[in-house]
Amino acid sequence: MNRQAQAAVLFLLGASLLHAGTTDLYLRYVKAGLQPLLLASGAVLIATALATAWYEWRRSRTLHEPEQQHQQQERHQHQHQHREPRVSWLLVLPLLALILVAPPALGSYSATRTGTALQEPVAYPALPSTGTLRLGVADYAGRAVYDHGRGLTGRRIAVTGFVALDHDGTPYLVRMALNCCAADAQPVKVGLAGRIPPVLQPDTWLEVTGTYTPRVTRDPVNDGPIPWIEVTEAKPVPAPRDPYDETWNT
Amino acid sequence: MAITKAPPDEKGSREDEAREPRRLTSSLALTLLLLLMVLLQGPLRRALSAPVMQSWTTVFVAVVVQALPFLVLGVLLSAAIAVYVPPSFFARALPRRPALAVPVAGAAGAVLPGCECASVPVAGALVRRGVTPAAALAFLLSAPAINPIVLTATAVAFPRDPEMVLARFVASLLVACAMGWLWHRLGRTDWLRPPTHAPHEGQSKGAAFWDSVRHDVMHAGGFLVVGAMAAATLKAVAPESWLRAAADNPVVAVLALAVLAVVLSICSEADAFVAASLTQFSLTARLAFLVVGPMVDLKLFAMQAGTFGRAFALRFAPATFVLAVAGAVLTGAVLL
């Protein structure tokens, strides 16, 4: 790859990082806290591209004198012995994937292949005493399994997540929990019982309203505990801005 | 597709030097490639819409996007050091006796932030400027594992196990020094092909700085993509039950993660997060992953062979692997 092409790849890479960082696109892949670093590195990549193009342009201007041209060629030969890395062509792949494809956040496919990552919560913050309880999937699951549903019994509970169907068709409400990037994302699952919608499309986001049930089953993948919820109402909702649950990041 | 495009590129750019502008240059190849992909984006998206491919692409993009800021940071710092710190400084700063220079150089790795991709060229420059190879190699091994950026990333990735940071520091420094001393005892200079390339001579400092940044990002970035593809394939295709089966046996677990570190070739600034996600493994096994990864992996092997010669890399990498696993297990037994 010659210098101009490298400058172009660096520029596009920087621009696509800036694009991902300034929109919510980056939240599909990495944690929210990485945004400033993403923007800074995008800017540095663009600066590198501009500097490369600038020095390349200056060099091509000095090429006119024949003696220097000779030197220049010698240096080029030298660089070819050193070999510009052919592996750099691969940098085009993430570029294309990010700009053209922009793959969605991890969904039901990963969720059903990976065991539930429910961890015992460090503490159980007090719940509001009236009204519908709005809980995250991991929060509900943690309280249901490790706190035996204390404070949940008899309450109307609303939980939001996406649908995943097991091999045998068991419906789960899932939220992926993430530490750093999607490569380490792991699902937390809650089983759906009661009045579930007749047709469940995997990966659709639902806000499920229901009540606590003491039923707990084991995840077939890793034997992790899966609590259940007795559904009274389920309505489709748009995917949240940050598709991942980042509460374990702190 | 990118790989098949590469050969015409090199041929093209060489002919470009011969000033035959009608031939296919890599700029033209790149333009054509991008244009083609934009035109084919419909079929491309459809091909990637299967759940496996989708999850593969997501993990692939995620690993690259996550590692790029750290890579850029390391490359910037390494370029600044390579350009603005005179090489003679390193020769003066190290003790004359090699046996003493090894631990000093190993510890010096802590103040030179960067990932393994950056430390290979720096170590090559050190050898060229007369630093004893044993010390330069200790630096090569320790720098990517024990610098502040990597240790911070490790602390962030293991919020519940802060002792992991200490264990990683101790084990990596230990193995780096052991390899340095081993080279001092057994190493032969004719295994080592001294690097002849002097990239920054006859350039202004600014030009040298940006040239170093450009080269390192393109080079290390390419290898990062290879690592990301391997990681995504493993995550999307290999059933979790394999890793679970390996995790059940403590000895197999350590070896499995050590091999995984070699195969995945993840940048040392990002590997802690992958290790943290391998929750079914013991902390010692994950420590082995973190100690082996920055010292021996596929991309590092390729870079070492390129810088120091294949005869060197073929001896150095296996010895480092064995010592790194042993060091990790020892440290794990004491600290974790």
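The structure presented is a predicted model; accordingly, all values stated were derived computationally and were not measured. (Residues numbered from 1 in each chain as written. Chains lettered and ligands numbered in written order. Predicted model: local features only at pLDDT ≥ 70, side-chain atom pairs only at ≥ 80, totals over all residues.)

Caption draft 1: Representation of the overall build of chain B. Counting its secondary structure elements, chain B contains 17 helices and zero strands. The buried share among the 336 residues of chain B stands at 53%. Within chain B, residue pairs in contact and separated by at least 24 positions form 83% of the contacts whose partners lie at least 6 positions apart. (Helix = DSSP H or I, 4+ residues; strand = E, 2+ residues; numbered from the N terminus. Buried ≥ 20, exposed ≤ 12 C-beta atoms within 10 Å, placed from the backbone. Contact = placed C-beta atoms within 7 Å.)

Caption draft 2: Up close: the UniProt feature "transmembrane region" (unreviewed entry) in chain A. Residues and elements named next belong to chain A. Per the UniProt record, "transmembrane region" (unreviewed entry) is found at residues 36–55 and 87–106. Along residues 36–55, the helical share is 100% and the strand share 0%, with 29 Å between the first and last C-alpha atoms. The span residues 87–106 is 50% helix and 0% strand, and its two end C-alpha atoms sit 28 Å from each other. (UniProt positions renumbered as here; feature names shortened; annotations may be inferred.)

Caption draft 3: Up close: the interface of chain B and chain A. Every contact between the two is made by 61 residues of chain B and, on the other side, 61 residues of chain A. Of all the secondary structure elements, the ones that give two or more residues to the side of chain B that touches chain A are helix 1 (2–17), helix 2 (26–39), helix 3 (41–47), helix 4 (51–84), helix 11 (205–237), helix 12 (240–248) and helix 14 (271–277) of chain B. Top element by residues in the side of chain B that touches chain A is helix 4 of chain B. It accounts for 18 residues. Taken together, the residues of the side of chain B that touches chain A sort by class into 35 nonpolar, 15 polar and eleven charged. (Nonpolar A, V, L, I, M, F, W, Y, C, P; charged D, E, K, R; others polar.)

Caption draft 4: Layout of the pairing of strand 2 (residues 157–165) of chain A. All names here are of chain A. Pairing between strand 1 (residues 133–135) and strand 2: three bridges, direction parallel. Bridge assignment links R134 to a residue of strand 2, and that residue is A158. Since strand 1 and strand 2 lie parallel, the crossover through helix 6 (residues 137–146) that links them has a hand, and here it is right-handed. Note: strand 2 against strand 3 (residues 171–177), four bridges, orientation antiparallel. Across the sheet, F162 pairs through a bridge with V174, a residue of strand 3. A loop of five residues connects strand 2 with strand 3, the two strands running antiparallel in sequence, and G169 in this loop sits at a positive phi of about 90°. (Pairing = 2+ DSSP bridges. Right-handed = clockwise from strand over helix to strand, strands pointing away.)

Caption draft 5: Main features of the packing of helix 1 (residues 3–22) of chain A against helix 2 (residues 35–62) of chain A. Residues and elements named next belong to chain A. Closest axis-to-axis distance for the helix 1/helix 2 pair is 8 Å, and the angle between their directions is 160°. Judged by the inter-axis angle, helix 1 sits roughly antiparallel to helix 2. Viewed along their axes, helix 1 and helix 2 form a crossing whose handedness is left-handed. For the contact of helix 1 with helix 2, the residue count by class is 15 nonpolar, nine polar and two charged. (Axes fitted to C-alpha atoms, helices over the stretch in contact; angles between N-to-C directions. Parallel < 35°, antiparallel > 145°, perpendicular 65-115°, else oblique. Left-handed = near helix turned anticlockwise from the far one by under 90°.)

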